[in-house]
Amino acid sequence: MLKIIFEVLRLSGKYRSGINLAFAISFVKSVLMKVPVIMSVILLENIYNKSLNTRLCINMALILLSALIIQYIAQNAADRLQSGTGYKICADYRLRLGEHLRRLPMGYFTEGNIGKISSVLSTDIVFIEENSMIVIADLMSYLFAAFIMIIFMFFFNVEVGITTLFASVIIYIFGLKMKNAAVNDSKLRQDQSEKLTDAVLEFVSGISIIKSYNILGESSEKLRENFKESCKKSIDFEENFSSYSRNLVLLYAGATAAVFLIASRVYILGYISIVSYIGILLFTFDLFAPIRMFFQQVLRLTVMEACLNRMKEVLEEPELEDGGSLKFEADSDNEIEFKDVYFAYNKTEVLHGITFDIKKNTMTALVGPSGSGKSTIAALIARFWDIQSGQILVKGRNIKEVSLADLMDNISMVFQRVYLFRDTIYANIAMGRPDAGKEEVIEAAKRARCYDFIMELENGFDTVIEEGGASLSGGERQRISIARCILKNTPIIILDEATASVDADNESLIQEAISELCRGRTLIVIAHRLKTIKDADNILVIADGRIAEQGSHKELMEQEGIYNRFVKLRQNDKGWERQYIASKELKSVQNELL
């Protein structure tokens, strides 16, 4: 348990001096708590010696009153130091976690870790914040009190003191065993909490699909099972702790009886006076209370340890290296270059020896079936992940040799699935360039063809959007996203199926907005629609993680290759995906790739 206390002290960093001061105050408070018992012993001694007088009683009353006042002040000071420090520490760690998450590769957020992140931020840190300093304050107070009690026992008689010390050690060893068992149970409970969070997020995210296919019963069954399992883990945790707690109470009783018997023995043998014997009896009733209270905090302590471990797991996830200090070359002929790039998700390789270059102020289209690697290539340009081998160059520099901030200052991305934050429309657009003026934000909205519908809203640009942009249509969300990119004003634009999920009216407006966005810039487009890609300067046909073909629309149509066949199939109203998978030509395509 002391290990957890030291771990919290280590995490406290610059706030440690305040906690140490609180510990010193707690020690003073622990001493003052024993003043009434000490005064009782002194009073008994004076009664026994027939030396009690009015002045002594007044002095003792003043000492008790002073001890009470100082104890009150000490308690208040310790609470302010420890509780306030706990909130400050957790505030810093929230910011640190946010900064850390920002630097993690995108792969971390697609490996089932969303539930863990949500649980750490919404549950674990809150528990640490509300309990850590209070628990540590109580633990230190109890430790100090136990230490003082043992000292007093040695003061009365060495044999009684040794008995008290030995009994305390036995209780502490058993308490550690209880704590270790509780830690294991606590980890299981917190892990189940993470699974429950995952299940809730999955259920809520997919509720529209679940309702539309009338599978509410089947989908909610998984959620119910997780709730049942969480309930079972919590009950098991309490039951296991209760059995240890009962045995610990028996140990307290046995230890108290042992001290009482030894005290009686040394009194009968004449080693201590009647006053010392009565003093020992007075202390005996409260002798092991501090240790008992110490181990009653084990429940919260073990949960806190599990929370700390889960938070450390997230913080220890390796970040993308961001030590680059080079600047981009202003006169580079190639805007983007891939040189023999290999990339794998975990251990599954998805890109195999990708090599191509993109000239400045040109349009390059990435086409191919779903899962072929198009979006992965686009994400690698923005360094969402690091590649296994090869090189990716932007403006003549390896993207690992420039800072992530500089890289993203040169790239804007428009995704098929747009996410808007619960904030005003103005703030969502201004995210593209936070230092932009109001007129610049409005101009970006106009160029993105979203100014008119914004002004039709009751509060215009000050309209607060629901989380995810749920209060707007898909096309409206997309145009706000484009306005954000226009405001950012970067030389490289990546469009990932930007018009794939919108109606015809919105598509026309989005195409106009994209034209505004891409004017005089280098454009990388991921699309399936022929009219979107046929005007590209260069088309890369991606299949099975390789570049199967590349060239302009005209050049590729002159060849009897994959692109030519796909275009013809597309003209017959059959999609790329369906035909790539189902057509009889799949085998010949694969042979060509080999």
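Residues numbered from 1 in each chain as written. Predicted model: local features only at pLDDT ≥ 70, side-chain atom pairs only at ≥ 80, totals over all residues. Heavy atoms only, no water.

Help me understand the overall build of the chain, please; the structure alone is not making it clear to me.
The helix and strand inventory of the chain stands at 23 helices and 10 strands. For the chain, the accessible surface area stands at approximately 30,200 Å², while carbon and sulfur atoms represent 56% of it. (Helix = DSSP H or I, 4+ residues; strand = E, 2+ residues; numbered from the N terminus. Areas by Shrake-Rupley, 256 points an atom, 1.4 Å probe, with all protein chains shown as cover.)

Hey, could you run me through the pattern of salt bridges in this one?
Close approach of charged atoms lets side chains of opposite charge pair. Within the structure shown, the criterion is met by 10 salt bridges. The residue Glu 159 makes a salt bridge to Arg 265 at a minimum N-O spacing of 2.7 Å. One end of the pair, Glu 159, is in helix α6 (residues 158-205); the other, Arg 265, is in helix α8 (residues 216-268), and 106 residues separate them in sequence. A relative accessible area of 31% means that Glu 159 is categorised as partly exposed. Given the relative accessible area of 40%, Arg 265 is considered partly exposed. (Salt bridge = Lys/Arg side-chain N within 4 Å of Asp/Glu carboxyl O. Buried < 20%, exposed > 50% of the residue type's maximum accessible area, 1.4 Å probe, protein only.)

I keep staring at the packing of aromatic side chains and nothing clicks. Help me out?
Two numbers describe a pair of aromatic rings. These are the distance of the centres and the angle of the planes. Tallied over the full model, the rule gives seven aromatic pairs. Judged by centre distance (5.3 Å) and plane angle (80°), the rings of Tyr 345 and Trp 385 are edge-to-face. Taken as a pair, Tyr 345 in strand β1 (residues 334-345) and Trp 385 in the loop between α12 (374-381) and β4 (389-394) lie far apart in primary sequence, 40 residues in all. For Tyr 345, a relative accessible area of 30% gives the class partly exposed. (Phe/Tyr/Trp six-rings, centres within 6.5 Å; stacked < 30°, edge-to-face > 60°.)

Can you walk me through the nonpolar core in this structure?
Nonpolar side chains tend to gather and get buried jointly when the protein is soluble and globular. Grouped together as the largest cluster of nonpolar side chains are 65 residues, with contacts concentrated most on Ile 171, Phe 288, Phe 295, Leu 308 and Met 311. Here this core gets 17 residues from one element, more than from any other, and that element is helix α5 (residues 114-156). Excluding residues that lie within four positions of it along the chain, Ile 171 makes contacts with Leu 248, Leu 251, Tyr 252, Ala 255, Phe 288, Ile 291 and Phe 295. (Core = buried A, V, L, I, M, F, W, Y, C linked by side-chain atoms within 4.5 Å. Contact = heavy atoms within 4.5 Å.)

Hey, could you run me through the side chain of Ser 230 in this one?
Among the secondary structure elements, Ser 230 is positioned in helix α8. Judged by relative accessible area, which is 14%, Ser 230 ranks as buried. When residues no more than four places from it in sequence are discounted, the contact partners of Ser 230 are Gln 192 and Leu 196.

Please explain the sheet that holds strand β9 (residues 538-543) as it appears in this structure.
The strands that make up a sheet are held in pairs by hydrogen bonds between backbone atoms, and each pair lies either parallel or antiparallel. Pairing is mixed across the open sheet formed by six strands, whose spatial order is β6-β7-β8-β3-β9-β10. Each edge of the open sheet is held by one strand with a lone partner, namely β6 (411-414) and β10 (546-551). Across this sheet, the average inter-strand angle for adjacent strands is 15°, counted without regard to direction. Bridge analysis of β9 against β10 gives five bridges, and the strand direction is antiparallel. (Pairing = 2+ DSSP bridges. Axes fitted to C-alpha atoms, helices over the stretch in contact; angles between N-to-C directions.)

Just to check I follow, could you spell out the sheet that holds β4 for this structure?
Within the open sheet, the four strands sit side by side as β2-β1-β4-β5. Their pairing is antiparallel. Strands with a single pairing partner mark the edges of an open sheet, and in this sheet they are β2 (348-359) and β5 (397-398). In this sheet, β5 lies alongside β4 in antiparallel orientation, the contact comprising two bridges. In the sheet register, Leu 393 faces β5, and the bridge partner there is Asn 398.

Please clarify how the confidence of the model for the chain should be interpreted in this entry.
Keep in mind that low pLDDT regions are not for reading the predicted coordinates in detail. The share of residues in the chain with pLDDT of 70 or more is 89%, and the mean pLDDT across the chain is 79. The spread of mean pLDDT over the elements of the chain runs between helix α23 (residues 586-593), the lowest at 43, and β4, the highest at 92. This model gives residues 574-594 a pLDDT under 50, and the stretch forms 32 contacts once residues within four places in sequence are excluded. (pLDDT = per-residue confidence, 0-100.)

Whenever I open this one, the packing of helix α3 (residues 35-48) against helix α4 (residues 54-102) confuses me. Can you help?
In a pair of packed helices, the angle between the axes and the distance between the axes together describe the arrangement. In contact at an axis separation of 10 Å, α3 and α4 are set at 170° when each is read in the N-to-C sense. Between α3 and α4, the interaxial angle falls into the category roughly antiparallel. Contacts between α3 and α4 involve Val 35, Pro 36, Met 39, Leu 43 and Asn 46 from the first element and Leu 56, Met 60, Ile 63, Leu 64 and Ala 67 from the second. (Parallel < 35°, antiparallel > 145°, perpendicular 65-115°, else oblique.)

Would you mind going over helix α17 (residues 474-488) with me for this structure?
The periodicity of an α-helix, 3.6 residues per turn, causes residues three or four positions apart to be oriented the same way. Taking 1.5 Å as the rise per residue, α17 with 15 residues should run 21 Å; its terminal C-alpha atoms sit 21 Å apart, in good agreement. In terms of burial, α17 is a largely internal element, 11 of the 15 residues being buried. Among all positions in α17, only Gly 475, Gln 478, Arg 479, Ile 480, Ser 481, Ile 482, Ala 483, Arg 484, Cys 485, Ile 486 and Leu 487 are buried. Of the residues flanking the end of α17, it is Asn 489, one or two places downstream, whose phi is positive at about 60°. (Expected span 1.5 Å × (residues − 1).)

I keep staring at a nonpolar patch on the surface and nothing clicks. Help me out?
A grouping of Phe 27, Val 28, Val 31, Ile 70, Phe 147 and Ile 151 is seen on the molecular surface, where their side chains present a nonpolar patch of about 500 Å² in accessible area. When residues of the nonpolar patch are traced back to their parent elements, those giving at least two are α2 (16-33) and α5. Ranked by the residues each element gives to the nonpolar patch, the list is headed by α2, at three residues. With respect to the helices and strands, the residue Ile 70 is situated in helix α4. (Patch = residues over 30% accessible without salt bridge, like charges linked within 9 Å, V, L, I, M, F, W, Y side chains within 5 Å.)

Explain unusual backbone geometry here, please?
For residues besides glycine, phi is generally negative; the peptide bonds are generally trans as well. One non-glycine residue, Arg 449, lies in positive phi territory at about 60°. Positionally, Arg 449 belongs in the loop between α15 (438-447) and α16 (451-456). Overall, Arg 449 belongs to the partly exposed group, its relative accessible area being 28%. Backbone geometry places Asp 544, a non-glycine residue, at a positive phi of 55°. You can see Asp 544 is positioned in the loop between β9 and β10.

Teacher, can you tell me more about α15 here?
Every buried residue of α15 is accounted for by Val 441, Ile 442, Ala 444 and Ala 445. Considered in projection along α15, the buried side chains sweep an arc of 160° and stay on one side of the axis. In this structure, the buried side of α15 is in contact with α14 (425-430), α16 and α17. Once α15 ends, the next one or two residues include Arg 449, with phi positive near 60°. (Arc of directions from axis to C-beta.)

I would appreciate a short explanation of the pairing of β9 in the present structure.
One face of the sheet, then the other: side chains in a regular strand alternate in exactly this way. For β9, the tally of buried residues reaches six of six residues, placing the bulk of the element in the interior. Along β9, one buried face is formed by Asn 538, Leu 540 and Ile 542 and the opposite face, lined by Ile 539, Val 541 and Ala 543, is buried too. As paired strands, strand β3 (residues 363-367) and β9 are joined by four bridges and run parallel to one another. Within β9, the position partnered with Leu 366 by the bridge is Leu 540.

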